[in-house]
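# Working through the structure, step by step
Residue strings, one per chain:
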Amino acid sequence: MRLVVDLNRCQGYAQCAFLAPDAFTMHGDEALMFDSQPDDRQWEAVLRAAEACPVKAITVEGPGGVPAGERSGASGVA
Amino acid sequence: MLPVSLDGSLERLRREGRIVIVGASLAGLRAAETLREEGFTGTLTMVGDEPHEPYDRPPLSKQVLLDRVPADHTKLPRRRPVDAEWRLGVAATGLDLAARRVRLADGSELDYDRLLITTGVRARPWPQELEAELDGVFVLRTSDDAAQLHRRLSAGPRRVLVIGAGFAGSEIASACRERGLDVTVAERGAAPLVGALGGVVGEVAAAMQREAGVDLRCGITVTGLEGDAAGRLRCAHLSDGSKVEVEVAVVCLGATRNTEWLADSGLGAGPRGIACDAGCRAFDVRGIVTDDVFVAGDVARSPHPLFGYQFLSLEHWGNAVAGAEVAAHNMISASADRRPHIWTPSFWSAQFGVNIKSVGVPPMGDEIIVTQGSLSERRFTAAYGHHGRVIAAVTFDQAKWLGFYQHLIERAAPFPPDFPTVDRRPEGRHPVPAGFPDPSLPSHGPTVTLSGHSPSDRRISFTPLRA
Ligand SMILES: Cc1cc2nc3c(=O)[nH]c(=O)nc-3n(C[C@H](O)[C@H](O)[C@H](O)COP(=O)(O)OP(=O)(O)OC[C@H]3O[C@@H](n4cnc5c(N)ncnc54)[C@H](O)[C@@H]3O)c2cc1C
Ligand code: SF4
């Protein structure tokens, strides 16, 4: 699973940190720190957090890695 | 279905065109997603010189150094499949505008119908090459940089030297203190963050650093780094004649645009970035806008109507996302359907436990007024004024007010603001000079650079007009 928070949007109200404390934590009063690639077992909690975010600042890509439809093995991949 | 009014060539481009994106990071990925989202079904090739999939950089100086997230665990989520051919670990080395062709480092070439350039910036290295090679001297831009720096910090160096107290340097110093490491910060300006936020706010940042136990030295430059016989960093010499024993030095002297590969291309690209119009179309050196080359993210400079149509170069996460979405849309749209990239600059930084956020262009501000809260409490909102209007705002742990100020900036509301404030303190009664350093002095600080009106500016140093 992957996630990113648009911290320009984030208001620091900490709903996400309450719902998925392993992926989102407050640092000080207002700064949010998130785990960009939390364990897949947290999927449900992270999804709930993303839905609860009042400013829709959280983008999540589900477990299972690269979304379907990707061509892999492109030439030149180091 | 496409509207019938679209001419056949645009329809063909959207259906079976070839789009190449050079620079596979935040802007490149968001552009690729937008192209697919808007119905582009042709071939899409992503060229990136880093061997990694697109990843998020802001955590590298925060979560990663704080040991909360591994350096190689900040991959960006995809908003949708992008169905692209990924050419990772290969740099683009040249561009032939007439033939519409990109040359790659492995000798291959890519033909395109539309090209998007999102090659970003790289950390400016320590200028003395031999000293830069000493074991213990770092920069921080990539996940590989972060992995190395993290490893070294975890080994418990006796003292870390941070050279340059812009946002990156200050965040690194903050992480070091939080991990219990001794840290010296050397800053040429009068205070940390002074280039980005001015002297009034810089003083607050300085107090935060000192309180956290940082050995902060302002008005100081590092004149030399010295190694031992084994080539390990041993100490740093400062411009006041003093010497600091350090095992690690992190060079935070700002960034250089990745435009060298375009040197002879005829594109309006130089050390200040690639000039593009508000629709993200690149200018060529003659100042004529191209129709098939687009630019987004940190490498772009584009004119902004809110700020006197000066070209702005922004090193901001939000700008990369917004610019990429506009560029991608415009790449596959008829001219009447194109949109301008007139995003109001915004960024955040987390350091010393404080959430710092800003909107607008603070370095344009001549004056500043604290409108809410108090500087000494490190919880405040301040507005910057320029020619009688609100041009920017900054909050320390008061992010919730920022949207209101963004609205004032976008309306060119009068400065000082004429609303009664919620909790006005003595310091908020009158505007004071914002305290930005002379913009013609070399600086590594600001992440917003006003770079004038010339699309083909190729000078290294530039003196923006403050008036
Ligand atoms: C440590 C750190 C902390 C940050 N913190 C914040 C923050 O708190 N808030 C904020 O708003 N912003 C922050 N930023 C800035 C933000 O990360 C950038 O604005 C953003 O990454 C810009 O995205 P981009 O895609 O334009 O460029 P980049 O992310 O720089 O990506 C450009 C890519 O192009 C590649 N490339 C370059 N030349 C070539 C070539 N010739 N061929 C192929 N590929 C090439 C590069 O290697 C790179 O992968 C931070 C940046 C760093 C480094
Ligand atoms: S719920 Fe949304 S706004 Fe609140 S802290 Fe989390 S990301 Fe920020």
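Residues numbered from 1 in each chain as written. Chains lettered and ligands numbered in written order. Predicted model: local features only at pLDDT ≥ 70, side-chain atom pairs only at ≥ 80, totals over all residues. Heavy atoms only, no water.

### Topic: the overall build of chain B
Helices and strands together make up the secondary structure of chain B, namely eight helices and 30 strands. Here the C-alpha radius of gyration of chain B, 23 Å, is about what a compact globule of 467 residues would show, namely 23 Å. The dimensions of chain B, computed from C-alpha atoms along their principal axes, are 65 × 60 × 40 Å. A total of 467 residues make up chain B; the buried ones form 60% of that total. For chain B, contacts bridging at least 24 residues in sequence account for 66% of all contacts bridging at least 6. Surface summary for chain B: the accessible area is close to 17800 Å², and the carbon and sulfur share equals 51%. (Helix = DSSP H or I, 4+ residues; strand = E, 2+ residues; numbered from the N terminus. Rg over C-alpha atoms; globule rule 2.2 N^0.38 Å. Buried < 20%, exposed > 50% of the residue type's maximum accessible area, 1.4 Å probe, protein only. Contact = heavy atoms within 4.5 Å. Areas by Shrake-Rupley, 256 points an atom, 1.4 Å probe, with all protein chains shown as cover.)

### Description of the sheet that holds strand E10 (residues 160–163) of chain B
Spatially, five strands are ordered E9-E16-E10-E11-E12 (chain B) in an open sheet, and the strand pairing comes out parallel. Only two strands of the sheet have a single partner each, and these edge strands are strand E9 (137–138) and strand E12 (215–218) of chain B. (Pairing = 2+ DSSP bridges.)

### Remarks on the packing of aromatic side chains
All names here are of chain B. The full count for this structure, using the stated rule, is six aromatic pairs over all chains. Their ring planes at 70° and their centres at 4.8 Å tell us that Phe-167 and Phe-347 sit as a pair that is edge-to-face. One end of the pair, Phe-167, is in helix H5 (residues 167–178); the other, Phe-347, is in strand E24 (residues 346–351), and 180 residues separate them in sequence. Just as Phe-167 is buried, Phe-347 falls in that class too. Pairing Trp-317 with Trp-348 gives two aromatic rings, centres 5.8 Å apart and planes at 70°, and the pair type is edge-to-face. (Phe/Tyr/Trp six-rings, centres within 6.5 Å; stacked < 30°, edge-to-face > 60°.)

### Observations regarding the site of ligand 2
Neighbouring ligand 2 are 13 residues; Cys-10, Gln-11, Ala-14, Cys-16 and Cys-53 of chain A lie closest to it. Class assignment for the residues of the shell around ligand 2 results in 10 nonpolar, three polar and no charged. (Near = heavy atom within 4 Å. Nonpolar A, V, L, I, M, F, W, Y, C, P; charged D, E, K, R; others polar.)

### Here we look at the interface of chain A and chain B
Of the residues lining the interface, 36 residues belong to chain A; the matching set on chain B comes to 45 residues. For the pair chain A and chain B, the interface holds two salt bridges. The residue Glu-53 of chain B makes a salt bridge to Arg-2 of chain A at a minimum N-O spacing of 3.0 Å. Our enumeration of links across chain A and chain B arrives at 17 residue pairs in polar contact (both at pLDDT 80 or more). Going through the elements one at a time, strand E1 (2–5), strand E2 (24–27), strand E3 (31–34) and strand E4 (58–61) of chain A are the ones with two or more residues in the side of chain A that touches chain B. Sorting elements by how many residues they give to the side of chain A that touches chain B places E1 of chain A first, with four residues. Of the residues contributing to the side of chain A that touches chain B, the split by class is 16 nonpolar, 11 polar and nine charged. (Salt bridge = Lys/Arg side-chain N within 4 Å of Asp/Glu carboxyl O. Polar contact = N/O pair within 3.5 Å; in protein donor to acceptor, adjacent residues only side chain to side chain.)

### A closer look at the sheet that holds strand E26 (residues 367–374) of chain B
Residue and element names in this part refer to chain B. On the basis of which strands lie adjacent, the open sheet formed by six strands has the order E24-E25-E28-E27-E26-E29 and antiparallel pairing. The sheet terminates laterally at E24 and strand E29 (432–433), the two strands that pair on one side only. Two strands pair when backbone bridges link them, and E26 and strand E27 (residues 379–386) are joined in this way by seven bridges, in the antiparallel orientation. If you follow Gly-373 over to E27, its bridge partner there is Phe-380. Helix H6 (residues 194–211) contacts E24, strand E25 (354–360), E26, E27, strand E28 (389–396) and E29 of the sheet and is inclined by roughly 5° relative to E28. Packed onto the sheet, helix H8 (residues 402–410) meets E24, E25, E26, E27 and E28 and runs at close to 165° relative to E28. (Axes fitted to C-alpha atoms, helices over the stretch in contact; angles between N-to-C directions.)

### Thoughts on the site of ligand 1
All names here are of chain B. Ligand 1 sits among 32 residues. The nearest are Ser-25, Asp-49, Glu-50, Arg-57 and Lys-62. At a separation of 2.8 Å, an oxygen atom of ligand 1 approaches a polar side-chain atom of Arg-141. Looking at the shell around ligand 1, the elements that each hand over two or more residues are helix H2 (26–37), strand E2 (43–48), helix H7 (317–331) and E24. A per-class count over the shell around ligand 1 returns 14 nonpolar, 10 polar and eight charged.

### Points about the domain arrangement of chain B
All names here are of chain B. Its domain assignment divides chain B into domain 1 (10–122 + 256–337), domain 2 (129–254) and domain 3 (346–450). Computed over C-alpha atoms only, the centres of domain 1 and domain 2 are separated by 31 Å. In this complex, domain 1 contributes 16 residues to the contact, which on the side of domain 2 involves 16 residues. Summing both sides of the interface, domain 1 and domain 2 together bury roughly 1500 Å²; the carbon and sulfur share of this comes to 58%. Sorting the residues of domain 1 by area buried against domain 2 places Ser-61, Leu-65 and Leu-66 first, and these three jointly supply 37% of that buried surface. (Domains from an automatic or database assignment. Buried area = accessible area lost by both parts, 1.4 Å probe.)

### Focus on the pattern of salt bridges
All names here are of chain B. In total, this model carries 32 salt bridges over all chains according to the counting rule given. The salt bridge partner of Arg-30 is Glu-33, with a shortest N-O separation of 2.9 Å. Of this pair, Arg-30 and Glu-33 are both found in helix H2, three residues apart, which corresponds to roughly one turn of the helix. Look at Arg-30 and you get buried, because its relative accessible area is 2%. Its salt-bridge partner being Glu-37, residue Arg-80 comes within 3.4 Å of it at the nearest N-O pair. Here the residue Arg-80 occupies a position in the loop between E2 and strand E3 (85–88), and Glu-37 occupies one in helix H2, the gap between them amounting to 43 residues. Overall, Arg-80 belongs to the partly exposed group, its relative accessible area being 26%. Via salt bridges that share partners, Arg-30, Glu-33, Arg-79 and Glu-325 belong to a single interconnected network.

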